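# Per-entry structural report
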Amino acid sequence: MNPGSPSPRAASDIPHAATLQDVAREAGVSLATASRVLNGSERKVAGAFRERVERAAEALGYTPNVSAQATARGHSPVIALLVADIADPYFGQIAAGVARGADEHGLVVTISITERDPERENRILRALRGQRPQGLILAASRADDAEGGSASAELEAFERYGGRVVAFGDLPGDGDGDAGVRTIVIDNAGGAEELGRRMAALGYRSAIGIGAAEGVRTSDDRLNGFTRGFATGGGTMDRIHRGDFRRESGAEAMAAALEEGVEPSTLVFGMSDVVALGAMSAIRAAGRAVGADIAVCGFDDVSASGDVTPALTTVRVPLNEAGYQAFRAIVDDGWIQAPLPVEVVVRGSTPGLA
């Protein structure tokens, strides 16, 4: 040992976390009684004993062992939320709704990021299964040709341990769906179709779409719906540029479209507001004007959509409520999804053609 160096602390000097046995001893009750009070047992404990246990736990700084609770109950007081990208405000609003429900029930929300990678998602599912959360919410959009076998096996194993699974849209490889998985349905196709009709009614006839890779369900539903609605008013989707859900991808796709040539009075439909906002930045960077020169519309109505100038025309989706309903689907045995109305909101980015 070097001179002047601190002496190692004896094991007896190192403070340890209070245990359930410590609380029982401090409160003067049996271990079983302390456990019933602190681990949420349905068996009733006399008020005087309950107060003694709670005071002892507070004095000792006792924290319940979540892993032990999960073993005893079959699940932990946790809701696991899987999103593609936490930086995307779409998922942020969904997460806020889930957290609101969890707070009402005294539960904790954990968030994992899948990056829309099936292998990464399967690894996360496998790890979460070992932690036994009470429920699992899958919020990220999937591709129709995604490998669903591994995910399905992990979800089936999760449900066997008493967990409940809720997904936004159908799961890959489900066919007619998995009876054990509850789904949150957003009318992506219908909302986009109404947006297309409204844009045609404003006089637009030529459109460019910006979407994710072909086969990604949310993107395809929105692009196909918009194309149908736009066609009913005489409009044509001239071409589609594809990337991913990031703002940077929207900017890159729009830059590529501008390089090919974009006529004045063309309408750009970004399959999400984040993508549309990226497209708007590329239009400005090219010295073109958003709205009066090239019109832009999106989908979701994230908060930033109303803050930009001109404000973005979009389809409003109650994402916070969708997240809240996803939580209710976990905890309510008799849950039935309430309608999630979508609404076209016309703003300055699509002023219309005289």
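None of the values given here were measured: they were computed from a predicted structure.

## With respect to the pattern of salt bridges
As enumerated under the stated definition, the model contains 17 salt bridges in all. Close ionic contact of Arg-55 with Glu-51 constitutes a salt bridge, the shortest N to O distance being 4.0 Å. Of this pair, Arg-55 and Glu-51 both sit in helix H3 (residues 47-60), four residues apart, which is roughly one turn of that helix. Taking relative accessible area as the criterion, Glu-51 reaches 47% and is therefore assigned partly exposed. One salt bridge in this structure joins Arg-242 and Asp-220, with 3.7 Å as the shortest N-O distance. Residue Arg-242 is located in strand S7 (residues 236-243), and its partner Asp-220 is located in helix H9 (residues 217-232); the two are separated by 22 residues in the primary sequence. Salt bridges sharing common partners tie together Glu-193, Glu-194, Arg-197 and Arg-228.

## Description of the confidence of the model for the protein
Looking at the protein as a whole, the pLDDT averages 86, with 84% of positions reaching at least 70. Of the regions scoring below 50 in pLDDT, residues 5-14 engages in four contacts with residues more than four places distant in sequence or in other chains. This model gives residues 172-177 a pLDDT under 50, and the stretch forms eight contacts once residues within four places in sequence are excluded.

## Quick word on the nonpolar core
Core analysis: the largest hydrophobic core is formed by 44 residues, its most contacted members being Ile-137, Phe-168, Phe-226 and Leu-267. Mapped onto this core, the elements with two or more residues apiece are strand S1 (76-83), helix H5 (89-104), strand S4 (164-168), helix H8 (188-201), H9, strand S8 (267-270), strand S9 (295-297) and helix H12 (319-331). Sequence-distant contacts of Ile-137, that is, excluding residues within four places in its chain, are made with Ile-79, Ala-80, Leu-81, Leu-82, Val-98, Val-166, Phe-168, Ala-326, Phe-327 and Ile-330. Among the nonpolar cores identified, the runner-up in size contains 24 residues, and Phe-245, Ala-257, Ile-283 and Leu-312 belong to it.

## Overview of the sheet that holds strand S6 (residues 206-212)
With respect to topology, four strands assemble into an open sheet ordered S7-S6-S8-S9, the strand pairing being parallel. Sheet topology places S7 and S9 at the edges, where each strand pairs with a single neighbour. Looking at each pair of strands side by side, their axes are set apart by 20° on average, direction ignored. Where S6 lies against S8, four bridges are found, and the strand directions are parallel. Paired with Ile-210 across the strands is Gly-270, a residue of S8.

## Focus: the pairing of strand S3 (residues 133-138)
Most of S3 is tucked away, with six of its six residues classed as buried. Pairing geometry for S1 and S3, over five bridges, is parallel. Counted as the bridge partner of Ala-80 is Leu-136 from S3. Direction of pairing for S3 relative to S4: parallel, over a ladder of four bridges. Looking across to S4, one finds that Ile-137 is bridged to Val-166.

## Remarks on the sheet that holds strand S2 (residues 108-113)
Overall, parallel pairing links the five strands, which are arranged S2-S1-S3-S4-S5 in an open sheet. Looking along the sheet, the strands with just one partner apiece sit at the ends: S2 and strand S5 (181-184). Looking at each pair of strands side by side, their axes are set apart by 20° on average, direction ignored.

## Considerations on helix H2 (residues 31-38)
Counting along an α-helix, one turn takes 3.6 residues, and residues three or four places apart therefore face a common direction. Of the residues making up H2, those classed as buried are Thr-33, Ala-34, Val-37 and Leu-38. Buried residues in H2, looked at end-on, bunch into an arc of 120°, giving them a common side.

## Overview of the packing of aromatic side chains
Given two aromatic rings, one states the distance between the centres and the angle between the planes to describe the pair. As enumerated under the stated definition, the model contains three aromatic pairs in all. When the ring of Phe-226 is compared with that of Phe-230, the centres are 5.4 Å apart and the planes differ by 25°; the resulting orientation is stacked. On the criterion of helical spacing, the pair formed by Phe-226 and Phe-230 is a turn pair, its members being four residues apart in helix H9. The pair Phe-226 / Phe-230 is uniform in exposure class, with both members buried. Aromatic pair Phe-226 and Phe-269: ring centres 4.5 Å apart, planes at 10°, arrangement stacked. With Phe-226 in helix H9 and Phe-269 in strand S8, this pair connects stretches of sequence that are 43 residues apart. Exposure class is identical for Phe-226 and Phe-269. Each is buried. For Arg-100, the ring lying beneath its charged end belongs to Tyr-324, and the centroid distance is 4.1 Å. If you follow Arg-116 out to its NZ or CZ, it ends over the ring of Phe-245, 3.6 Å from the centre.

Reading guide: rules and limits
- Residues numbered from 1 in each chain as written.
- Predicted model: local features only at pLDDT ≥ 70, side-chain atom pairs only at ≥ 80, totals over all residues.
- Heavy atoms only, no water.
- Salt bridge = Lys/Arg side-chain N within 4 Å of Asp/Glu carboxyl O.
- Helix = DSSP H or I, 4+ residues; strand = E, 2+ residues; numbered from the N terminus.
- Buried < 20%, exposed > 50% of the residue type's maximum accessible area, 1.4 Å probe, protein only.
- pLDDT = per-residue confidence, 0-100.
- Contact = heavy atoms within 4.5 Å.
- Core = buried A, V, L, I, M, F, W, Y, C linked by side-chain atoms within 4.5 Å.
- Pairing = 2+ DSSP bridges.
- Axes fitted to C-alpha atoms, helices over the stretch in contact; angles between N-to-C directions.
- Arc of directions from axis to C-beta.
- Phe/Tyr/Trp six-rings, centres within 6.5 Å; stacked < 30°, edge-to-face > 60°.
- Lys NZ or Arg CZ within 6 Å of the ring centre and 35° of its normal.

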